Structures are given as structure tokens and as C-alpha cells.
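This is what each chain is made of:
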Amino acid sequence: MITLTINEKEITLDKPVTVLEAARRAGIKVPTLCHHEALKPYGGCRLCVVEVEKMPRLQTACTLTVADGMVVTTESEAISKVRRGILEFLLINHPLDCPYCDKAGECELQDMVDKYGPTVGRFGEEKRKVPESHKDHILARNMERCIVCTRCVRMCGEVQGASAISIIGRGNRSRMEPFSSAAFDCEYCGNCLTVCPVGAILSRLYIHSFRPWQLDKEVETVCPYCGVGCSLVVQVRDDSIKRVVPRFDLGLNRGLLCSRGRFGYEYISSPERLKTPLVRKNGRLEESTWSEALSLVAEKLGQIKSRDGGTAIAGISSPRCCNEDNYVFQKFMRMTCGTNNIDTVSRTGFASAQKYFEDLLGQGITANMIDGLKNSDVILVLGGDPAAINPVLGLSIREAFRRGAKVLVVGNAKGLERYKTLQVMPEVFREADVLESLLIEIYGARGIRGEKPALDSGIRELSERGCERTGERDFDELRMTLLESVSISIVFGPDLVQRADGHRSLFAVSGLTYLLEARLYLLSEKPNEQGVIDAGCAPDMLPGGRPLSVQEFRRKFEQSWNGAIPSDDGMTLFEMIEGAANGKIKGMYIMGENPVFNLPNGSYIKEALKALDFLAVQDIFLTDTAEIADVVLPAKGWTEKTGTVTNLERRVQLQKKAVETMFGMEDWRIISEVSGRMGYEMNYKEAADVMEEMAKVSPLYRDLTYHEIGKGDCLWPYHGEPLRGEMKTVPEGAAMERDYTEDFYLSVERPLFHSGTLSGKSPALMKIYPEPALRIGTGTAEKGGLKDGDKVQFSTRTGSREAFVSIDDAIRDNRVYFSNNFRGRGALDLMTYNIDKVTKAAGIEGCEVKIKKL
């Protein structure tokens, strides 16, 4: 124990910290400009000087470590004189434009000058002049205000890992500049905005539009984009979101955000939002009343149920909707419509992988803390770029690398280019071969653990069957690094699920996780992919991950819901699409999803849905799918309703309502209204009523309340009961026998600056990344005679697109990447698919593409 005295207050500490931190814990404020809690101690501004008994000079509190018996004074006339002198030096070149500066009211320099002075300046020479820069679409720079604290540079380099800015010049001409000079060429995380103590860096989204004291309220909520679930604060004025900011004491992200979380909020106030229900009349969608639209949905679904049975109805739910919405949706499908045909577009990635992993390794196998990555010795990255799919999780991998962890990448991962120890590049679409070879080698060295008979047997059979020893460069180093490590994390992305034999990679990763006793992380592209599964939106699972086929589980839900649940498993997503095409499915209800755009071979998906007798869609925009619906119902979006979401750690978090809107209804309320009109009443008054029921009937959510969830530490397994039991045998599937000899293959880009099509409704993100580009590796481009900026037409069997070429050094095979984020210009519509017989996910690998220079 360490005991010291600060300002005559005795403080006891368990371990050594800086004097500044000790004072903070005691509630004593010590002024500083260069120090920030997210950054390492710097000692640059000297404003935190304190007196320490028996030390002859003033000491910087941010760099001085406490010692037992230390006596510290943080305020005295001598200290105030030094601080006043430092501030006078800073004001020599700092403009006195506080009434005009957007930082006024939250400027740290302003607060300190107000407390310590000086009241006048003695420097007679002219202040330095640096033109204000508005050349960047997002960030404005006023370097006359810069006090050279270097917070922004250290944040960008030490924490974000982008190293996109630096201090240039010398003496009083020093200032921050991006390496790209005019505009920023960076990850646009905006974390430099968070740490800048003055108005030197500002967001152009809100510049000159409000002052901090004019805000009506600040609401803590969760980001609506990916599965990390970053906490943030929404600042509201006149029921309009003015700004989104993080807080360093809030949430798992600890004050860090990515470009989508910080600048992507504008979509919620888009003028393209759906405001009234639409009903198809005479072949056209026309505005209608809520009463007419809801009654028509109930009538049409009721007719189909009476005529063809509940199995002729199907529903697609959404990982962008809250747990409450998805719970009510699956209850509506099962109890009101009489069908288990319930699934989600997450079937194409997260849901298929999560089910496979849990069936083999046990429930909760992917429920690992993101912070745990930082403490790993080795991190194996597969199936995608974590820094683009889940950017804040990617920062944890970068931090682990800086701490000495070995980061092993199989395939392409641009965001880890400077943060990898080893990269293994399999032959195109042959990752499963590499992973199976790796598993056999690890098994040969480690043997069987004997804890999971099905998995042990599957690994043994794979080893006996054998596979061709992979000849990839650095394979042996990859194997030895894994065998020699004691703390391993495996980060698995969606690319390897979206294969016709994706189950091979899933089994190999399951085996590696098991034999190496590794932590397994499953990347998640949408905010509630885990929650939509836990809520029961699966054709074979009830809420809480309870198998539908077990009569005892079914009986408990039937007692709570007062009705019978169909006993047969329902159709998966692509089985529903096939059912719609061949007439087995007559009616479909889609909540918050756009399968026409978000599934491969969109033209076929569209024709299949158009063949339905009735299609109802509820969403916040008129999507490609909504355009062909018979009824479209406008829903409320993020910050317009309260609900819970579950992140990839399986942490349940509270999304709070922040603004009032006069249009749309909560998704769960719309479903309840339709259900009541069909004869099955759901008497929920607010979202909390839905959660209360979930906490009673779902073994997973037992006794959870909004109060507990709102604290932010509601982690798996909560108060619930993880399902015990495991797969008896490993499902078998065939390997795809195919040679990949074409010059180019099309793959889906997952850009850092976009997520789905929602980000396309955010003007700021569109300014950063305004149109899709065809991304090609350097070697492949040279072979094809292509240069950066060339305009090309690229074609597959199902269509063509035109785009400009972007040469990307991080792509090291002959795949070309095109995003699926821009309406009318998506990659998935150009791709066909083959279903993996085990996971039921769509395999989109091997899409040959011809490129023609225009």
C-alpha cells in the first residue's frame, strides 16, 4: 500500500500511479493541456506542475510517480505564477477569437485562462498568421489556435495507429498538418477532434451551428452500425442530432469511435425517410393510413394461413432492429402465423458461423471480451479485415501488436498492413486447405484433448483422411508460432463463411480453437447479429438458444405464450427464397431488411419475391425490397426508440431514445398491431414490457432489467442458463472440386467508411467515400495493363458495372474488390451463389469477372 498526502488530504493507493492520477482519484483537479487519459504521459505543457515536499523544484504531476509518504501541494501562489506565465506564452500566438470559435464553452485553454490569467499580454509583436483550411470535406483546421500540445498526433499514432498527421515547422511556426497536406488522407475516426483542447481541429458537420450551452439534452446510447456496440453520447437541440461524441469513461470503446460511429448519424434525419404507410393500388404504391395498411396486412396473411396453412408464410427479421423488435417478430410468426419459417440475412455470415461454432464447442464460445485481445501473445486473423468490419476491435489488435503480440494474417487485411508479424497468402479460395493442413499439424503435435468426443473424432478422421500438404510460404512459421504460444486469440470474419464449402473452414477453426485453447472472436457487420439469434429469429431455435426440436423447451414457451408452436423446423433464408420462387411460400413479412440488395443474385431474389401472393415490408427507407412490396410500413429508427442490442461479446446494451419524431412506429409496436388484428393479442405498452416478458420466458435473459442493462456491464451469461450439451457427430459436407484459373475474380469489399446502405444516407460519409471503386492489387493490375484512375467496365455472368480503378498494395491475389453499399451499384447483384449444405449459407466464391478498359 502507498499512502501520500495531496493538499492535506491523505490518499491510499494499491499500486503506483502518477501524482496527476492520484489527485484525480481523490477528486482534486490539476490543470493540464498536453495530458489526456487516453494517451501516455507527455509532460509537454508544464501546466500540471506541483510542489512536492523535499524536492527543490516544481514537478510535473503527469510524469511523477507517487511514493509512500509523499506530500504534494497542487495550488499555491508560486504554482499559480508559473501557470500564469505558461498561459501568457501560449497566448502570444493564440488568437483571441473566443466569441467566434466553435470550441468556446468547452475549450480547456479558455477555462484555464479564466482561472489563472493572465488578464493582459505583454508581447507586442504581431501574432503568427496561418490560413484556416477548409479543403477537407469533414475536418476544418485553424492552426493559429494550435497550442502544439501534440495530443492529436499522439492519438493518431499511438492509439488509432493511423499516423496520418504530424507536427511540422520549428519554434513558433510549429503546427499540425496531415501528410497529405491539403485534405486528410486518413481513417476519419475523428479521435483527434476528441482530444484537441482548443478549436484547432473542428468538424464541419456542426461548425457555426450551435454552442454547447444551447443543447437541450445529451443521451448516452450505442452506435447503430457494427457489432462492437460502441457507446456514445448524442447531443440534441430542437429534436435534431447536432453532434455525436464519445466519453472516455463510457462503454467498451473507452472514448474511441470510427468514422461511421462519429460522422454517420445524419441518415436518421434524411429527407428520404418513409413517413406514411404505402399500399399498392393498381400496380403502384400509394400513401395510405395506418389503419388501412395494418388491416390489409392482417387480412392478407390471415387469408394465406387459412387457405394454405402457416407453413406458406415466412418472415425475415433484422440484425439492425433491437432485441425487443426481433423477439416480438418471432413470437408473431410462430403464434399468430403458425410458422417457424423465420430467419435473417445474417444467415450469410455471422448466424451460420455462430451456430456451427456453438454446436461444436458449446454455447458462449464466441462471448469473449474485446479488451482480451490486447493481452494475447498471438492473434490469428482469418476471413476479413477486422479494422474495416469492426474498427474498434481492430484497434485492440493494433494495440496488442504494439505490446509485443504476434499478429498472424491468413489472406488480405489492409487495416493490419503495418501491424502484422506474418501473412500467409493461400491460393485464391483455398483457405480451407491451409486451415485443414494447419489443424492436422497441430493435432500431430498436441494430440486429442478428449473433452469433446464429436470434435475429437472429427479431427482424427480429418487427419486419417489427410489433405495435400500446403506449400504456402511461411506455413511452418505459422504452425510453430501457434504451438509455442500460451495465449491465443482467433479472429474469424465472414469471408470464409460465404463459401459453398465454408463448413470446412469452420470445422478447422473449431478444431484449432479447441486444441490450442484459444479465445474465438466472430466479426459482426451489423449491430445486433448476436441479439437477433438470442431473441429466437431462427428456423430451428427458440429464444435463449433453445432447440425447437426439444419438446420440453417448446412446452415452456407454449405455456407462457398461451398457444401451440409448430414442432417442425422452419425454412432457412435461402430455402424461403426458393419457396417463394416455386410457390411453396405465398406470403412474406420482412422487417428492417433489404434482401433484394443484400443477397447475391439480386435479380433472382427480386423475381422470387415478386412471385409471392403478398409481401409486407417495414423499414425506415423505401428500399429495393420495399419498392416491390404490397404494403410498406414506416418504422422508427436509431435514437427514435428505446431497446436493447447484443454485441459480438454477447454484451447486452441499452439503445436509448433521444429525439421525438411524428412519423413511424416502433417495429415491435407495428408487429403487435398486426397480430392483434389477426386475433392474437400482444398487450405491450412500451419496450420495457417486452423486455420484462423476455426476462420471464427466455432462460438466457432471466431477470434482466433496463436498469441493470443500462449500467453497461451486462455480460454473458447474465443471470441465465447456458445450454449444456454438444453435437454428437460432425456434419459432413463435400469439398468443392474446382480449379480457379481465371485472370480476375470478383469479391465484396467491406469498406471502412460504409455499412450496408444506411451510410449512403449520411452526407458526411458520402463525402469521404462518394462512389465505389474497383480495387485491384498491384501485381494483378500490372498483368491487366491497368493504372490507378483508369475507368473500366467489368462484367460477370449476371451483369456489368463501370467504375474507376483503385490500385491497392494490400491485395496480394487476383481478386478484385467492389463494395455492396451504393444503391444500384452493388457487387452482390453481379454474383451467383451455391448453398453450403451444412451451414445453409450462400457461397459466392469463384465469380469470374472480365475487365475492359474504357
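Note that this is a predicted model, so its numbers are computed, not measured. (Residues numbered from 1 in each chain as written. Predicted model: local features only at pLDDT ≥ 70, side-chain atom pairs only at ≥ 80, totals over all residues. Heavy atoms only, no water.)

### Considerations on the pairing of strand E33 (residues 815–819)
The element E33 is largely enclosed, with a buried count of five among its five residues. The alternating pattern of E33 places Arg 815, Tyr 817 and Ser 819 and Val 816 and Phe 818 on opposite faces, both of which are buried. Note: strand E29 (residues 745–749) against E33, five bridges, orientation parallel. Directly across from Tyr 745, in E33, lies its bridge partner Arg 815. Pairing of strand E30 (residues 774–777) with E33 involves two bridges; the strand directions are antiparallel. Bridge pairing links Arg 775 to Tyr 817 in E33. (Buried < 20%, exposed > 50% of the residue type's maximum accessible area, 1.4 Å probe, protein only. Helix = DSSP H or I, 4+ residues; strand = E, 2+ residues; numbered from the N terminus. Pairing = 2+ DSSP bridges.)

### What about the environment of Ser 306?
Counting through the fold element by element, Ser 306 comes out in helix H7 (residues 290–308). The exposure class of Ser 306 is exposed, given its relative accessible area of 68%. When the C-alpha atoms of Ser 306 and Leu 91 are compared, they prove to be 79 Å apart, with 215 residues separating the residues in sequence.

### Observations concerning the side chain of Arg 243
Residue placement: Arg 243 occurs in strand E12 (residues 240–245). Taking relative accessible area as the criterion, Arg 243 reaches 7% and is therefore assigned buried. Here Glu 106 takes part through its side chain, which lies 3.0 Å from a polar atom of the side chain of Arg 243. For Arg 243, the side chain forms a polar contact with the side chain of Gln 235, separated by 2.6 Å. Excluding residues within four positions of it along the chain, Arg 243 makes contact with Glu 106, Tyr 206, Phe 210, Val 233, Val 234, Gln 235 and Tyr 265. (Polar contact = N/O pair within 3.5 Å; in protein donor to acceptor, adjacent residues only side chain to side chain. Contact = heavy atoms within 4.5 Å.)

### Quick word on helix H15 (residues 502–516)
With 15 residues, H15 should reach 21 Å at 1.5 Å per residue; the first-to-last C-alpha distance of 21 Å fits that figure. Taken across its 15 residues, H15 has 15 buried, putting it largely inside the fold. Just downstream of H15, Glu 517 is the residue with a positive phi angle, here 50°. (Expected span 1.5 Å × (residues − 1).)

### Quick notes on the packing of helix H13 (residues 453–465) against H15
The N-to-C vectors of H13 and H15 enclose an angle of 115°; their axes lie 11 Å apart at closest approach. By the criterion of interaxial angle, the relationship of H13 to H15 is roughly perpendicular. Our pair here, H13 against H15, has a crossing hand that is left-handed. When H13 is examined against H15, the residues Leu 455, Asp 456, Gly 458, Ile 459 and Leu 462 are found in contact with a partner set consisting of Phe 507, Ser 510, Gly 511, Tyr 514 and Leu 515. (Axes fitted to C-alpha atoms, helices over the stretch in contact; angles between N-to-C directions. Parallel < 35°, antiparallel > 145°, perpendicular 65-115°, else oblique. Left-handed = near helix turned anticlockwise from the far one by under 90°.)

### A word on the packing of aromatic side chains
Enumeration according to the criterion identifies 20 aromatic pairs in this entry. When the centroid spacing of 6.3 Å and the interplanar angle of 15° are considered together, the rings of Tyr 701 and Tyr 718 count as stacked. With Tyr 701 in the loop between helix H22 (687–697) and helix H23 (706–709) and Tyr 718 in the loop between H23 and E29, this pair connects stretches of sequence that are 17 residues apart. The burial state of Tyr 701 is the same as that of Tyr 718; both residues are buried. Considering the side-chain rings of Tyr 740 and Tyr 745, the 5.7 Å spacing of their centres and the 80° angle between planes classify their relative orientation as edge-to-face. Judged on exposure class, the residue Tyr 740 and its partner Tyr 745 are both buried. Site record: aromatic cluster; members linked through ring pairs are Tyr 188, Phe 753, Tyr 769 and Phe 822. The ring centre of Tyr 206 lies 5.0 Å from the NZ or CZ of Arg 243, which sits over that ring. (Phe/Tyr/Trp six-rings, centres within 6.5 Å; stacked < 30°, edge-to-face > 60°. Lys NZ or Arg CZ within 6 Å of the ring centre and 35° of its normal.)

### A few points about the domain arrangement of the chain
You can read the domains of the chain as domain 1 (2–75), domain 2 (97–107 + 127–269), domain 3 (278–341 + 539–715), domain 4 (350–522) and domain 5 (745–853). Between the C-alpha centres of domain 1 and domain 3 there is a distance of 55 Å. (Domains from an automatic or database assignment.)

### Some thoughts on the pattern of salt bridges
Counting across every chain of the model gives 60 salt bridges. When salt bridges with common partners are traced through the structure, they connect Glu 431, Arg 499, Asp 813 and Arg 815 into a single cluster. (Salt bridge = Lys/Arg side-chain N within 4 Å of Asp/Glu carboxyl O.)

### Re the sheet that holds strand E20 (residues 488–492)
Adjacent strands of a sheet pair through backbone hydrogen bonds, lying either parallel or antiparallel. Spatially, E19-E18-E17-E20-E21 is the arrangement adopted by the five strands of the open sheet, whose pairing is parallel. In this open sheet, the two strands that pair with only one neighbour each are strand E19 (422–424) and strand E21 (519–522). Between one strand axis and the next, the sheet turns by 15° as a mean value, whatever way the strands run. For E20 and E21, the ladder comprises four bridges, and the chain directions are parallel. Its bridge partner being in E21, Ser 489 is matched across the sheet by Arg 519. Lying over the sheet, helix H14 (residues 475–484) contacts strand E17 (378–382), strand E18 (406–410), E19 and E20, oriented at roughly 135° with respect to E18.

### Examining unusual backbone geometry
Looking along the chain, the bond that leaves Gly 117 and enters Pro 118 is cis, with omega of 5°. Examined against the element boundaries, Pro 118 turns out to sit in the loop between helix H3 (108–116) and strand E6 (139–141). Non-glycine residue Asn 282 carries a positive phi angle of around 55°. Tracing the backbone shows Asn 282 in the loop between strand E13 (278–281) and strand E14 (284–287). A positive phi angle is found at Asn 601, which is not glycine, with a value near 55°. By the element assignment, Asn 601 lies in the loop between helix H19 (595–598) and helix H20 (602–610). With relative accessibility at 16%, the residue Asn 601 sits in the buried group.

### Topic: the packing of H7 against helix H21 (residues 667–677)
Two quantities define a packed helix pair, namely the angle between the helix axes and the distance between the axes. Relative orientation of the contacting elements H7 and H21 amounts to 60°, with a least axis distance of 8 Å. The pairing of H7 with H21 is recorded here as oblique in orientation. The handedness of the crossing between H7 and H21 is right-handed. Contacts between H7 and H21 involve Trp 290, Ser 291, Leu 294, Ser 295, Val 297 and Ala 298 from the first element and Ile 670, Glu 673, Val 674 and Arg 677 from the second. A class-by-class count of the residues in the contact of H7 with H21 yields six nonpolar, two polar and two charged. (Nonpolar A, V, L, I, M, F, W, Y, C, P; charged D, E, K, R; others polar.)

### A look at the state of the cysteines
A covalent bond between the sulfur atoms of two cysteines is what we call a disulfide. With the rule as written, the count across this model stands at zero disulfides. As a non-bridged cysteine, Cys 230 has Cys 226 as the owner of its nearest cysteine sulfur, 6.1 Å distant. Taking relative accessible area as the criterion, Cys 230 reaches 8% and is therefore assigned buried. (Disulfide = S-S within 2.5 Å.)

### Describing the pairing of strand E26 (residues 631–634)
Neither face of E26 is left uncovered, since the one carrying Val 631 and Leu 633 and the one carrying Val 632 and Pro 634 both have all their residues buried. Bridge count for E13 against E26 is two bridges, and the pairing is antiparallel. Along E26, the bridge assignment pairs Val 279 with Val 631. Of the strand pairs in this sheet, strand E25 (residues 614–619) and E26 are connected by four bridges, and their pairing is parallel. Residue Asp 619 lies in a different strand from E26, and its bridge partner there is Pro 634.

### Focus on the nonpolar core
Ranked by internal contacts, the top residues of the largest apolar core, which has 187 residues, are Leu 482, Phe 492 and Tyr 589. When residues in this core are grouped by element, the largest group, eight residues, is from H15. The residues contacting Phe 492, other than those within four sequence positions of it, are Ala 353, Phe 357, Leu 382, Val 497, Leu 506, Val 509, Leu 520, Tyr 521, Leu 522 and Leu 523. In terms of nonpolar packing, the next biggest core, distinct from the first, is built from 48 residues, Met 588, Ile 590, Leu 612 and Leu 830 among them. (Core = buried A, V, L, I, M, F, W, Y, C linked by side-chain atoms within 4.5 Å.)

### Examining the sheet that holds strand E5 (residues 71–73)
Reading across the sheet, the five strands line up as E2-E1-E5-E3-E4 and stay open at both edges, with mixed pairing between neighbours. Of all strands in the sheet, those with a lone pairing partner are strand E2 (9–13) and strand E4 (59–60), marking the two edges. Alignment of strand E3 (residues 49–52) against E4, held across two bridges, turns out to be antiparallel. Its bridge partner lying in E4, Val 50 is registered against Gln 59. Of the strands in this sheet, E3 and E5 touch helix H2 (residues 77–91), which is tilted by about 155° from E3.

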